[in-house]
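Given next are the chains, with one letter for each unit.
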Amino acid sequence: MGDEHFRTKEAVRDRCRAIRDRYQGHPQVIGEDDDRFLRDLLALHPDYEFKKGHGITGFTVIRNDEHGTYGFAVMRVDRTAIDFSWNTCLNPPTPRQKVLGCLRRAVKEQVVSHRDAVFAAGPVTCAITGVPIASKHEAHVDHHTPTFAQIAEAFIAAQGGPDAFRISDDIPDGFSHAELADKELESVWQDHHQEVAVLRVVTKFANLSRRRDGSS
């Protein structure tokens, strides 16, 4: 990447983490080599033209309050900034993966509402392991049968495949996320998910284990 050579993608990720940690709490990435590396990395992003806008003045490290993580943002000449994922640069999502991401985001409110309702009703135990869950912040919400993937894939197929879904541009300033551009279709999806999804509250460990074995 530029003048730097990496044997694996994980080595590139390690370089990203090192830059992130070095400049966390600083207003801008100032190292010439670090800035050049990030420019070369960003050029690999599938939405590079949108991310760079009218031009890049530099990079900064920002916190995503939703996930509690830190990452990079592009600082533009028009004084806007937008985040970008180094994983997206290294492994650009397929059209199907983009649609799945939009569908998951569109039902996030349903998932959060279910979690909050369960905790408001009294003591909560993991639906998989039976282990008590002390706080909603320690919980995940899992799709039982059918899984989220099964629900979403069936909906995508019923609409004619990923090409039937239009995805809106990222937000112009701050943290970016993709959404379905067709809000009527998004509403149809939300209603369908509300009707067929069987949600349950589980521990983070149980949910992540289930995802690793491919059952979520």
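See the structure above.
This section reports on the structure supplied with the text. Please read these numbers as outputs of a predicted model, since none were measured by experiment.

1. With respect to the overall build of the protein
So, step 1. Helix and strand counts for the protein stand at nine helices and seven strands.
So, step 2. Taken over the C-alpha atoms alone, the protein extends approximately 55 × 40 × 35 Å along its principal axes.
So, step 3. Counting the 216 residues in the protein, one finds 35% classified as buried.
So, step 4. The long-range share in the protein, meaning contacts at least 24 apart out of those at least 6 apart in sequence, stands at 64%.
So, step 5. Positive and negative side-chain charges in the protein, numbering 28 and 32 respectively, have mean positions lying 4 Å apart.

2. Focus: the state of the cysteines
So, step 1. Scanning the entire structure with this criterion turns up zero disulfides.
So, step 2. Here Cys16 stays free of any disulfide, with the sulfur of Cys89 as its closest cysteine sulfur at 7.7 Å.
So, step 3. Using a relative accessible area of 0% as the deciding quantity, one classes Cys16 as buried.

3. Observations concerning helix 2 (residues 32-42)
So, step 1. Along helix 2, the residues that are buried comprise Asp34, Asp35, Phe37, Leu38, Leu41 and Leu42. One side of helix 2 holds all its buried residues, which, seen down the axis, span an arc of 160°.
So, step 2. For helix 2, the secondary structure elements touched by its buried residues are helix 1 (9-23), helix 3 (48-52), strand 1 (56-64), strand 2 (69-76), strand 3 (81-84) and helix 4 (86-90).

4. Examining the side chain of His143
So, step 1. Residue placement: His143 occurs in strand 6 (residues 139-143).
So, step 2. Here His193 takes part through its side chain, which lies 2.7 Å from a polar atom of the side chain of His143.

5. Some thoughts on the pattern of salt bridges
So, step 1. Applying the stated criterion across every chain yields a total of 17 salt bridges.
So, step 2. Salt-bridge contacts for Glu186 lead to Lys183; the nearest nitrogen and oxygen are separated by 3.4 Å. Taken together, the residues Glu186 and Lys183, both in helix 8 (residues 183-196) and three residues apart, mark about one turn of the helix.
So, step 3. Exposure remark for Glu186: the relative accessible area of 13% places this residue in the buried category.
So, step 4. Here the salt bridges do not stand alone but share partners, grouping Glu4, Arg15, Arg22 and Asp34 into one network.

6. Observations regarding unusual backbone geometry
So, step 1. Thr145 connects to Pro146 through a cis peptide bond whose omega is 5°.
So, step 2. Mapped onto the elements of the fold, Pro146 is located in the loop between strand 6 and helix 7 (148-158).
So, step 3. Positive phi, normally seen in glycine, also occurs at Arg79, with a value near 70°.
So, step 4. Among the residues examined, Arg79 registers a relative accessible area of 83% and is labelled exposed.

The rules we used
Residues numbered from 1 in each chain as written. Predicted model: local features only at pLDDT ≥ 70, side-chain atom pairs only at ≥ 80, totals over all residues. Heavy atoms only, no water. Helix = DSSP H or I, 4+ residues; strand = E, 2+ residues; numbered from the N terminus. Buried < 20%, exposed > 50% of the residue type's maximum accessible area, 1.4 Å probe, protein only. Contact = heavy atoms within 4.5 Å. Lys, Arg positive; Asp, Glu negative; His and termini not counted. Charge placed at Lys NZ, Arg CZ, Asp CG, Glu CD. Disulfide = S-S within 2.5 Å. Arc of directions from axis to C-beta. Polar contact = N/O pair within 3.5 Å; in protein donor to acceptor, adjacent residues only side chain to side chain. Salt bridge = Lys/Arg side-chain N within 4 Å of Asp/Glu carboxyl O.

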